[in-house]
Amino acid sequence: MIKIKSFGYFWLDSWVMANIIQLATQDFCGRFLNRSNDPCGRQYDQMTQAARSGQANIAEGNSRHSTSKETEMKLTDVARASIAELAGDYHNWLMKNEAVPWSMKSEDFIRVSGVILERPTYREDVQHLSSIHILKQKHRFDEWLNSEDEIVVANCLLILCNRLINMLLKQMEGQVDLFRQEGGFTEALSAERLESRAETEQSNGAPLCPKCGKSMIKRIAKKGRNAGTPFWSCSGYPECMGSLRYTES
């Protein structure tokens, strides 16, 4: 049985929206790109890959939440950049067809923007039920996504892309705040190793920092005229810059 903890991203609105955009982009490219406007298939590849990258990096980033919050933030930003690239493709498509994005005051813009995603209610059988949920949410935009008018479809997807970008920016803000408060697994592991090393050095007669009183650690200078020379550094570095010349006992 698959453990729910392995799929935390299945509950993210951003991941659900990314799936809607990926499915709709695949459909858009299949319906409106052809040998005439995309003779080498390059635009098809770029747009579908950008859509996939958005969805995949949200999932991978969230999967790294417990092991490295720094990696989670980076992957979330990669997802944001991929969707921004896709939004640019839809914007360009509109202008190439002598059309422009809908005004924020237009009825269609207001109606598409006003469609709110329902919250997931599944607790188990996650892959099955989440797929049903994603398709149900996608159908809420059928009026525009199923239009025979490519301008309508492109405008709808441009709005959804911009909406997802804003979701990811807020998600990243929350990740940054949490990282500041808690750090991450990798960061905590480094701090634990440093503390263990400081205890070992102290038991071996390492001096105390003259600035803060913490145990000092033997380090090797990497730059400058003393490169390669050992010295005592405060275990509280970089908060404390205390150092002493190292002498063999």
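Above this text you will find the structure in question.
What counts, and where the lines are drawn
- Residues numbered from 1 in each chain as written.
- Predicted model: local features only at pLDDT ≥ 70, side-chain atom pairs only at ≥ 80, totals over all residues.
- Heavy atoms only, no water.
- Axes fitted to C-alpha atoms, helices over the stretch in contact; angles between N-to-C directions.
- Helix = DSSP H or I, 4+ residues; strand = E, 2+ residues; numbered from the N terminus.
- Parallel < 35°, antiparallel > 145°, perpendicular 65-115°, else oblique.
- Left-handed = near helix turned anticlockwise from the far one by under 90°.
- Contact = heavy atoms within 4.5 Å.
- Nonpolar A, V, L, I, M, F, W, Y, C, P; charged D, E, K, R; others polar.
- Phe/Tyr/Trp six-rings, centres within 6.5 Å; stacked < 30°, edge-to-face > 60°.
- Buried < 20%, exposed > 50% of the residue type's maximum accessible area, 1.4 Å probe, protein only.

### Some points on the packing of helix α1 (residues 13-32) against helix α5 (residues 126-139)
Okay, so step 1: One can describe the packing of α1 onto α5 by two numbers: an axis separation of 9 Å at closest approach and a directional angle of 65°. The orientation of α1 relative to α5 falls into the category roughly perpendicular. Here the hand of the crossing between α1 and α5 comes out right-handed. Where α1 abuts α5, its residues W15, V16, N19, I20, L23 and A24 lie against H133, I134, L135, Q137 and K138.
Okay, so step 2: Per-class residue counts for the contact of α1 with α5 are seven nonpolar, three polar and one charged.

### Section: the side chain of N155
Okay, so step 1: Here N155 is to be found in helix α7 (residues 150-182).
Okay, so step 2: Discounting chain neighbours no more than four positions away, the residues touching N155 are L94, V100, P101 and W102.

### Details of the packing of aromatic side chains
Okay, so step 1: For the coordinates displayed, the defined rule picks out eight aromatic pairs.
Okay, so step 2: Ring plane angle 50° and centroid distance 5.1 Å describe the contact between W232 and Y246, whose orientation is recorded as tilted. Of this pair, W232 sits in strand β2 (residues 230-234) while Y246 is found in the segment after β3 (243-245), placing the two residues 14 residues apart along the sequence. Judged on exposure class, the residue W232 and its partner Y246 are both buried.
Okay, so step 3: Cluster of aromatic residues (ring-pair linked, three or more members): F28, F32, Y90 and W93.

### Examining the side chain of T76
Okay, so step 1: Among the secondary structure elements, T76 is positioned in helix α3 (residues 69-96).
Okay, so step 2: What T76 contacts, discounting residues up to four positions off in sequence, is L168, Q171, M172 and Q175.

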